[in-house]
Every structure is written in structure tokens, then in C-alpha cells.
Amino acid sequence: MATILDYQTNDALIGGGSLPFPLTNPLLGGTEVGVATINLAPADSTNLLRFEGTIGWAPDLLLLTPLLPILQVKIRVGSPTGTVIYEVDDSALIGTGVLTTITDNLMTVSFQHTLPATSVPAGPQPYFLTVSLRGLGSASIRGPVHFGAFVIAP
């Protein structure tokens, strides 16, 4: 039977902490932004690391021209610019011909990812959940934000 050896979580509610905050397209000077950090200490190389996360986000404007903002979510190990161990994209096609601010078109991206402890550096490590924007358009991280992980002995 599997045993949970460690569990860490970092959560921010809608409107909590620095939420909401805008993301800027890299073509306009935007960068990858850290949204949560946790620390894990696998006991040995046979352990499994299971990550889970949820990020609430929204395209900022509904424009006359169709746009496709793409939220890129990454888990990095060691530092906010460290090795990427997981990556997923979420997108929202917007543009209905009406120029208005979106207040009720919240998007949510959720993920689960499991990997062996041999895939990351040995010993205690920080893990960083980061977001960036690709595609055309702009978006904001609205929340909630959840980043959690387990160390599991198989």
C-alpha cells in the first residue's frame, strides 16, 4: 500500500494576496511570473512526486477582432527559472464584435502530474508554479490559485 510521506500546499483565494494581477504578452515586454512555491523532500529515489494545481484566469477584454490568449503554466524545480518538470497551456478564443470588459468569463486550468523522484535533483527542493502569456490578447490571473504536492512511497 502506498504511503504519503510529505504534503505541501500553497493557496490564494479570489481577491486574496496580490490577486488579481495582469499578465502582459511577451511581445509587449511580459515575462513568466511565479504564483506559488512549495518545498518537498523525497526520502529516497523510489518515491513518487504528485503535483496538482488550479489557476483561475480571465481574458481582459472582449474585442471586435478575435484573439486567442494562451495561458502557459509551468512547474519549475530549484528556482523560478529552474528546470521545467511540467508544462500545460490553456486558451480562450475571444471576440464577438462587442467591445466590453469581461467580468463573468472566468477560465480555470487544473492539472495533476506524477513523476519519479529520480526525475528531479536529490534532497529537499523548492518547486515553483509559474504562468506566462502567449498568443494574442491579454489576460489576468484572478484566482483561486492552488499548488499542492505529495511525496509518495510506493
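Residues numbered from 1 in each chain as written. Predicted model: local features only at pLDDT ≥ 70, side-chain atom pairs only at ≥ 80, totals over all residues. Heavy atoms only, no water.

## Observations regarding the overall build of the protein
Part 1 of the reasoning: The number of helices and strands found in the protein is zero helices and eleven strands.
Part 2 of the reasoning: Along its sequence from the N terminus, the protein presents helices and strands in the succession β-β-β-β-β-β-β-β-β-β-β.
Part 3 of the reasoning: Burial status across the protein gives 45% buried among its 154 residues.
Part 4 of the reasoning: When contacts within the protein are restricted to residue pairs at least 6 apart in sequence, those whose partners lie at least 24 apart make up 84%.
Part 5 of the reasoning: When the accessible surface of the protein is summed, it comes to about 7,700 Å², and 59% of that surface belongs to carbon and sulfur atoms. (Helix = DSSP H or I, 4+ residues; strand = E, 2+ residues; numbered from the N terminus. Buried < 20%, exposed > 50% of the residue type's maximum accessible area, 1.4 Å probe, protein only. Contact = heavy atoms within 4.5 Å. Areas by Shrake-Rupley, 256 points an atom, 1.4 Å probe, with all protein chains shown as cover.)

## Section: the nonpolar core
Part 1 of the reasoning: Phe-51, Ile-55, Tyr-127, Leu-129 and Ile-141 are the most contacted members of the largest nonpolar core, which totals 33 residues.
Part 2 of the reasoning: For this core, the secondary structure elements donating two or more residues are β2 (21-23), β3 (33-40), β4 (48-59), β6 (69-77), β7 (83-91), β9 (107-116), β10 (125-135) and β11 (139-153).
Part 3 of the reasoning: Here this core takes six residues from β11, the largest share from any one element.
Part 4 of the reasoning: Those residues within four positions of Ile-141 in sequence are excluded, and the remaining contacts are Leu-19, Pro-20, Phe-21, Leu-23, Ile-55, Gly-56, Trp-57, Leu-71 and Val-131. (Core = buried A, V, L, I, M, F, W, Y, C linked by side-chain atoms within 4.5 Å.)

## A short note on unusual backbone geometry
Part 1 of the reasoning: A cis amide bond links Leu-19 to the next residue, Pro-20, at an omega of -5°.
Part 2 of the reasoning: Relative to the helices and strands, Pro-20 resides in the loop between β1 (3-12) and β2.
Part 3 of the reasoning: Backbone torsion omega between Gly-143 and Pro-144 reads 0°, so that peptide bond is classified as cis.
Part 4 of the reasoning: By the secondary structure assignment, Pro-144 is in strand β11.

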